[in-house]
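# Architecture and fold: a report
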Amino acid sequence: MSDTVDSMLHHLEWDATDIPTTDHPLATTRQYAVPTAATAGDNDKAWNHLYGAMISGMGLKPENFQLNYPFLTWDWPITNIGYTSAAQYDFCSTVPQFSATGAYVSAGVEFNDTYGQVLNVLAADTTDPILEERISQARNVLNIATNDYQTTYAQARNAYLQETGGTNVPSFLEWQGSFGGKPWAAQLDAADKTVQAKQRVLNQLLSETITPGLNEAVARFGNKDYYTKLQDPGLSGFPAVPGYSLGMDATTWLQKVKAGTGGSSGHVGFANEQAEYDYSKTWAGGSASVGNFFWSVNIGGSWERVEEFGSDSSLEVNVNFEAWDTISIGAGRWYNGAFVRSMAEGPFIRGYSPYGASGEKAVWGPGGIMDVQKVGMVVCYKPSFSIKVSSSSFTSFSNKWNLSAGVRIGPFSFEGGGGSSSSGWTADSATSTFTGTSTAETALILGTTIALVNPE
């Protein structure tokens, strides 16, 4: 955990698609299976169809929309002024995967950390050769400390994923306050304090230079007036974190929806036989293979893949929701976006270039230090579904349907179940159609809206 701006150099790089694919921390090992080559095509095709359906059915724009997985609830509590919840901070700060349909990992790279690293790779403007050499040495020392921190962070992240099964429950910060996470929090804190000390030396040296806007940006980044404390039990002793704002909290949004003054009703639908959506039209120019099963059913508390639906050429699915909305996400005043844009071409220190020319490390774009920023999240409430399949798929799935306690269609989760007489879920053999409405009273997060940082 970072205690000051001095530690914001923890740009960790990993592929978010390598997380275990499970949706419940107490799941059986069946849930951890990644789709095989035989099923991955059908699985990715379903996610592809849903992405296209959300673009056409909800008016979302491929220029800035990312469909998210795994399943995420939006139930973050209302916090006092100057505080935030760990789950909200982790979600808002985590940099999105560079993919049209992307995994969210709450232990991922934080946007504020990438901003801190950009500030550190900007070339300082000085005519003093001695000062220039001292700055270079300070960067090298800081780099060693940062590498040590990154190693510890990666180890903590792996322990977190193993313990939670890649569900993001609890979030990474919440986990650090738990019995299993506290030892890692102590190690991270110790490594971080070393980074802070080295960063303070570099910041002092940079303050003696005249790089336009850099000193002001560093000062804003370190201004604790723009940070917030964590409100969660067990995290009161954790240092403040850079603040992010939401356009509305979950409780207020649900109240407005139930009062008929919030959100808009929505519908998405697709068929297995329709043409796939062209991911090249999206902001990412493509999409990575999705590690989570698109079709899942809850049997005995365990989520497992629905085998029948992916390859059924007769399948048609429709999802309606009582309300949906886009909630804005904003970085606090610690972030100077105008300065970042003004530094699109640098100058940067040796070994770095704007987009990675001549084998140098890229600052912007895919694989660069800063590439994507979350600026909003797409949420919904009370989804309902209709799944029409072939008669053979209907017969094959009916037994699981009768035992089910829930169904998941991509990021949509439906609590209720075909086996509950009070759920109102139905299976119509005459039309080979399964229908149901979620009984959950929480909102779901379906995706994010993004902004590319200094696109080429």
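Everything in this summary refers to the structure shown in the same document. Source: prediction; values computed, not measured. (Residues numbered from 1 in each chain as written. Predicted model: local features only at pLDDT ≥ 70, side-chain atom pairs only at ≥ 80, totals over all residues. Heavy atoms only, no water.)

## Things to note about a negative patch on the surface
This is how the line gets drawn: In this scheme, patches are assembled from residues that exceed 30% relative accessible area and form no salt bridge. Like charges are connected within 9 Å, while nonpolar side chains (Val, Leu, Ile, Met, Phe, Trp, Tyr) are connected within 5 Å. Method for areas: the Shrake-Rupley scheme with a 1.4 Å probe, in which residue coverage is limited to the protein chains shown. Basic side-chain nitrogens of Lys or Arg form a salt bridge, by our definition, when they fall within 4 Å of a carboxyl oxygen of Asp or Glu. The charge count treats Lys and Arg as positive and Asp and Glu as negative. His and the chain ends do not count. Where a charge lies is defined by one atom per residue type: Lys uses NZ, Arg uses CZ, Asp uses CG and Glu uses CD. Put simply, DSSP marks the helices as runs of H or I at least four residues long and the strands as runs of E at least two long, and each gets a number from the N terminus on. Burial here depends on accessible area, computed with a 1.4 Å probe over protein chains only, as a share of the maximum for the residue type. Under 20% is buried, over 50% is exposed, and the range in between is partly exposed.
Residues Asp128, Glu132, Glu133 and Glu208 make up a contiguous surface patch of negative charge. One can find glutamate 132 in helix α4 (residues 129–164). Note on glutamate 132: relative accessible area 48%, which makes it partly exposed.

## Topic: the packing of α4 against helix α6 (residues 182–206)
The test is simple: Helix axes are fitted only over the stretch in contact, all axes being lines through C-alpha atoms; the angle between N-to-C directions runs from 0 to 180 degrees. The cut-offs work like this: below 35 degrees is roughly parallel, past 145 is roughly antiparallel, 65 to 115 is roughly perpendicular, and the gaps in between are oblique. By definition, any crossing whose near helix is turned counterclockwise from its far helix by less than a right angle is left-handed, and any crossing with a clockwise turn is right-handed. By the convention adopted, Pro, Cys, Tyr, Trp, Phe, Met, Ile, Leu, Val and Ala count as nonpolar, Lys, Arg, Asp and Glu as charged, and the other residues, Gly among them, as polar.
At a minimum axis distance of 9 Å, the contact between α4 and α6 shows a crossing angle of 165°. Taken together, α4 and α6 sit at an angle that is classed as roughly antiparallel. The handedness of the crossing between α4 and α6 is left-handed. For the contact of α4 with α6, the class distribution of residues is 18 nonpolar, six polar and four charged.

## Thoughts on the packing of aromatic side chains
Note the cut-off: Stacked, tilted and edge-to-face pairs are distinguished by plane angle, under 30 degrees for stacked and over 60 for edge-to-face with tilted covering the rest, among Phe, Tyr and Trp rings (Trp via its six-membered ring) whose centres lie within 6.5 Å. Criterion for a charge above a ring: Lys NZ or Arg CZ within 6 Å of the ring centre, and within 35 degrees of the ring normal.
Taken as a whole and judged by the stated rule, the model has 40 aromatic pairs. On the numbers, 6.4 Å between centres and 45° between planes, the contact of phenylalanine 309 with phenylalanine 434 is tilted. Remark: phenylalanine 434 occurs in strand β17 (residues 433–437) and phenylalanine 309 occurs in the loop between β9 (302–305) and β10 (316–331); sequence separation between them is 125 residues. Judged on exposure class, the residue phenylalanine 309 and its partner phenylalanine 434 are both buried. With a centroid separation of 6.2 Å and 70° between ring planes, the pair formed by phenylalanine 348 and tryptophan 364 is classed as edge-to-face. Taken together, the residues phenylalanine 348 in the loop between α9 (337–342) and β11 (352–353) and tryptophan 364 in the loop between β12 (361–362) and β13 (372–388) connect sequence positions 16 residues apart. Note on accessibility: phenylalanine 348 and tryptophan 364 belong to one class, buried. For lysine 281, the ring lying beneath its charged end belongs to tyrosine 277, and the centroid distance is 6.0 Å. Positioned over the ring face of tryptophan 303 is arginine 408, at 4.1 Å from the centre of the ring.

## A look at the pairing of strand β4 (residues 227–230)
The condition that has to hold: Two strands pair if DSSP finds at least two bridges between them.
Looking at chain direction, strand β2 (residues 83–84) and β4 are connected through two bridges and run parallel. Across the sheet, threonine 84 pairs through a bridge with leucine 230, a residue of β4.

## Description of helix α7 (residues 214–221)
Each turn of an α-helix holds 3.6 residues, which means side chains three or four residues apart point in the same direction. Keep this limit in mind: Starting at the helix axis, one direction is taken to each C-beta atom, and the arc is that of these directions. Residues count as neighbours in contact if any of their non-hydrogen atoms are within 4.5 Å of one another.
Residues Leu214, Ala217, Val218, Arg220 and Phe221 constitute the buried set of α7. Considered in projection along α7, the buried side chains sweep an arc of 165° and stay on one side of the axis. Where α7 is buried, its residues contact α3 (111–121), α6, β4 and α9.

## Thoughts on the environment of threonine 146
Looking at the element boundaries, threonine 146 is found in helix α4. In this structure threonine 146 comes out as buried when scored by relative accessible area, which is 3%. Sequence spacing of threonine 146 and valine 195 is 49 residues, and the spatial spacing of their C-alpha atoms is 6.0 Å.

## Topic: the packing of α3 against α7
Interaxial distance between α3 and α7 falls to 11 Å at its minimum, and their mutual angle equals 150°. Our classification of the angle between α3 and α7 gives roughly antiparallel. As α3 runs across α7, the sense of the crossing is left-handed. Two secondary-structure elements touch here, α3 through Asn112, Tyr115, Gly116 and Leu119 and α7 through Leu214, Ala217, Val218 and Phe221. Looking at side-chain class alone, the contact of α3 with α7 contains six nonpolar, two polar and no charged residues.

## Considerations on the pairing of β9
Along any regular strand, the residues point their side chains to alternate faces of the sheet. The alternating pattern of β9 places Ser302 and Glu304 and Trp303 and Arg305 on opposite faces, both of which are buried. One ladder, built from four bridges, connects strand β8 (residues 295–299) with β9; its direction is antiparallel. In the strand pairing of β9, valine 297 is matched with glutamate 304.

## Brief notes about the sheet that holds strand β5 (residues 241–242)
A sheet is described by the order of its strands in space; here three strands give the open sequence β2-β4-β5, paired in mixed fashion. Only two strands of the sheet have a single neighbouring strand rather than two, namely β2 and β5. Alignment of β4 against β5, held across two bridges, turns out to be antiparallel. Note on β5: the bridge partner recorded for threonine 228 is valine 241.

This is a description of form; function is not addressed.
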